[in-house]
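The primary structure of each chain is shown beneath.
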2 protein chains.
Amino acid sequence: MTTDQPGLRERKKAATREALSWAALRLAVERGLENVRVEDIAAEAGVSPRTYNNYFSSKAEAIVFRHRDRVRRAAGALRGRPATEPLWEALTRALLEPFGDTAEQPHPRWTAAVRLLLSEPALQAELWRGGAEEAQLAAAVAARTGTDPDRDLYPKLVAAAAMAAVKAANDQYLTADPPAPFQPLFTEALRLLAAGLPDPSTR
Amino acid sequence: MTTDQPGLRERKKAATREALSWAALRLAVERGLENVRVEDIAAEAGVSPRTYNNYFSSKAEAIVFRHRDRVRRAAGALRGRPATEPLWEALTRALLEPFGDTAEQPHPRWTAAVRLLLSEPALQAELWRGGAEEAQLAAAVAARTGTDPDRDLYPKLVAAAAMAAVKAANDQYLTADPPAPFQPLFTEALRLLAAGLPDPSTR
DNA sequence: GAAAAAGTTGCGCGCTACGCACTATTGCGC
DNA sequence: GCGCAATAGTGCGTAGCGCGCAACTTTTTC
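## Quick word on empty space enclosed by the protein
Phase 1: For the structure shown, the criterion picks out four cavities of 30 Å³ or more.
Phase 2: As a volume, the largest cavity reaches approximately 160 Å³.
Phase 3: Residue lining of the largest cavity: Trp128(A), Glu134(A), Ala160(A), Met163(A), Ala164(A), Lys167(A), Trp128(B), Glu134(B), Ala160(B), Met163(B), Ala164(B) and Lys167(B), and that is the complete set.
Phase 4: Only α9 (153-175) of chain A together with α9 (153-175) of chain B provide two or more residues apiece to the lining of the largest cavity.
Phase 5: Here the residues of the lining of the largest cavity sort into eight nonpolar, no polar and four charged.

If you want it as structure tokens, here you go:
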């Protein structure tokens, strides 16, 4: 079994949350964010509007949920990497685990979803709300580098920079004229970060 | 005169916008974001609630306006730096221009404002909404490095990384136990970025 | 199988964001 | 200066959201 000890109840909760976030994303991609009512999302997932608000406190939150979950999983993956691995290699592999799989080659659904996230300011904003996932990532970095996630600048900066790489790579993924796969863009971004972002004009 | 050719009318608009953003920030710091109505902000600035919404489309937007304006000014400052200056030196100086002045030593007002921004998820989210300022910064970086702001990954990544430095430095600025001035933290963050964020445990 | 705990739902309220039409103010050409 | 066009400010009305509250239903536990 892959499940730890879920408890039948928590399973249903997770399933409902998944259904809601999928429904929200699908509807928003299809008809645009403004033309989706909370009512519609709830109906799509077979729950009442009120229940919807028990899971997500805003429309945007539901849509963005899957993306934020990726960051969360990446933080977990980073904790699982062998301690002997160099930081940036571990970081790259940990981030590729949730981000790389769906994006080996440009998939229409994925592309549409990313385009939605980047085009709607409200979603862009919601992506970083609170920054809980980023904090988890920072904590994992801290554990690996022997720094303090609260008192030291380093882990926070690394986590924020990693998120910057995700953002920039996604951005590039859309505007690339000959449609390029996501993964190389992302690894390139991380590589550039680890190399100190050298000025290409003086290279 | 420092003004280009403002036109008396646009001056009043700018003044009103300033008044509104100041009022919003002040009230939010004093009584917390949730206890501030749009009505209050409008009253504080001497305009009708409806007019408020002609300037800012949300409560958070008004509060965050000053901060985003700093990034905008930094982008302009970067364009004004001499072309011979190395990228990261120019970037550091450009960013310090709007960010460094008020923060040479921990000022109670400034501290309270930063704390508000970091503690309220809604404001945190609003800070990066749309990312127009970040795009301006990327454009300035592109102009300086001979890259294309649309087609190349590099300028977007540098801009996003710079914003990450702002975020991390602000974060650190608050949690530093012996209250530390902002400027050194910020320059240190940029220095680390330019150095490729080396793992401190293997140094 | 019954009590307890947790999830779901309907109702209602305060607030927000914004379209629309109207009024007041400003800028500009003469 | 003067009047007209353009633009900012305002009041009103509306759709929708987020959430507290108090039932009701389902699952868990003993």
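## A few points about the pattern of salt bridges
Phase 1: Under the defined criterion, the tally for this structure stands at 30 salt bridges over all chains.
Phase 2: A salt bridge links Lys167(B) to Glu134(A); the shortest N-O distance between them is 3.6 Å. Taken together, the residues span two chains, with Lys167(B) in helix α9 and Glu134(A) in helix α8 (residues 132-145).
Phase 3: With relative accessibility at 18%, the residue Lys167(B) sits in the buried group.
Phase 4: For Glu134(A), a relative accessible area of 12% puts it in the buried group.
Phase 5: Among the ionic pairs, Glu126(B) bridges to Arg129(B), the shortest N-O distance being 3.2 Å.
Phase 6: On the basis of relative accessible area, Glu126(B) is assigned to the buried category, the value being 6%.
Phase 7: Salt bridges sharing partners connect three or more residues here, namely Arg68(A), Asp69(A), Arg72(A), Arg73(A) and Glu133(A).

## A short note on the domain arrangement of chain A
All names here are of chain A.
Phase 1: Domain annotation for chain A reports domain 1 (1-57) and domain 2 (64-196).
Phase 2: Summarising the inter-unit geometry, the C-alpha centres of domain 1 and domain 2 are found 24 Å apart.
Phase 3: Listed by partner, the interface residues are 10 residues for domain 1 and eight residues for domain 2.
Phase 4: Buried surface at the junction of domain 1 and domain 2, both sides included, amounts to about 830 Å², of which 73% is carbon and sulfur.
Phase 5: The largest per-residue losses of area from domain 1 upon contact with domain 2 belong to Leu 25, Val 29 and Leu 33, which jointly make up 48% of the total buried on that side.
Phase 6: For the pair domain 1 and domain 2, the interface holds one salt bridge.
Phase 7: Among the salt bridges present, the one from Arg 66 reaches Glu 18, with a minimum N-O distance of 2.4 Å.
Phase 8: Along the contact surface separating domain 1 from domain 2 lie two residue pairs in polar contact (both at pLDDT 80 or more).
Phase 9: Classifying every residue of the side of domain 1 that touches domain 2 gives six nonpolar, one polar and three charged.

## Regarding helix α5 (residues 87-100) of chain A
Residues and elements named next belong to chain A.
Phase 1: Look at α5: 18 Å from first C-alpha to last across 14 residues, which is about the 20 Å you get at 1.5 Å a residue.
Phase 2: Within α5, 11 of the 14 residues are buried, which leaves it mostly tucked inside the rest of the structure.
Phase 3: Every buried residue of α5 is accounted for by Leu 87, Trp 88, Ala 90, Leu 91, Thr 92, Ala 94, Leu 95, Leu 96, Pro 98, Phe 99 and Gly 100.

## As for the packing of aromatic side chains
Phase 1: Applying the stated criterion across every chain yields a total of 10 aromatic pairs over all chains.
Phase 2: Ring centres of Tyr173(B) and Phe182(B) lie 5.8 Å apart, and the angle between their planes is 85 degrees; this geometry places the pair in the edge-to-face category. Of the two residues, Tyr173(B) and Phe182(B), neither departs from the other in class, the shared state being buried.
Phase 3: The rings of Phe99(A), Tyr173(A), Phe182(A) and Phe186(A) are connected pair by pair, giving a single aromatic cluster.

## So, the packing of helix α5 (residues 87-100) of chain B against α9(B)
Residue and element names in this part refer to chain B.
Phase 1: Their axes nearest at 12 Å, the elements α5 and α9 cross at an angle of 45 degrees. Taken together, the axis directions place α5 and α9 in an arrangement best described as oblique. For α5 against α9, the interelement crossing comes out right-handed. Facing Leu 87, Trp 88, Leu 91, Leu 95 and Phe 99 of α5, the residues of α9 in contact are Tyr 154, Val 158, Ala 162 and Val 166.
Phase 2: Of the residues that constitute the contact of α5 with α9, the class distribution is nine nonpolar, no polar and no charged.

The rules behind each value
Residues numbered from 1 in each chain as written. Chains lettered and ligands numbered in written order. Predicted model: local features only at pLDDT ≥ 70, side-chain atom pairs only at ≥ 80, totals over all residues. Heavy atoms only, no water. 1 Å grid on protein atoms, 1.4 Å probe; cavity = no way out; pocket = protein on both sides within 12 Å on 5 of 7 lines; lining within 4 Å. Points joined across faces, edges and corners; volume = space filled by probe spheres on them. Helix = DSSP H or I, 4+ residues; strand = E, 2+ residues; numbered from the N terminus. Nonpolar A, V, L, I, M, F, W, Y, C, P; charged D, E, K, R; others polar. Salt bridge = Lys/Arg side-chain N within 4 Å of Asp/Glu carboxyl O. Buried < 20%, exposed > 50% of the residue type's maximum accessible area, 1.4 Å probe, protein only. Domains from an automatic or database assignment. Contact = heavy atoms within 4.5 Å. Buried area = accessible area lost by both parts, 1.4 Å probe. Polar contact = N/O pair within 3.5 Å; in protein donor to acceptor, adjacent residues only side chain to side chain. Expected span 1.5 Å × (residues − 1). Phe/Tyr/Trp six-rings, centres within 6.5 Å; stacked < 30°, edge-to-face > 60°. Axes fitted to C-alpha atoms, helices over the stretch in contact; angles between N-to-C directions. Parallel < 35°, antiparallel > 145°, perpendicular 65-115°, else oblique. Left-handed = near helix turned anticlockwise from the far one by under 90°.

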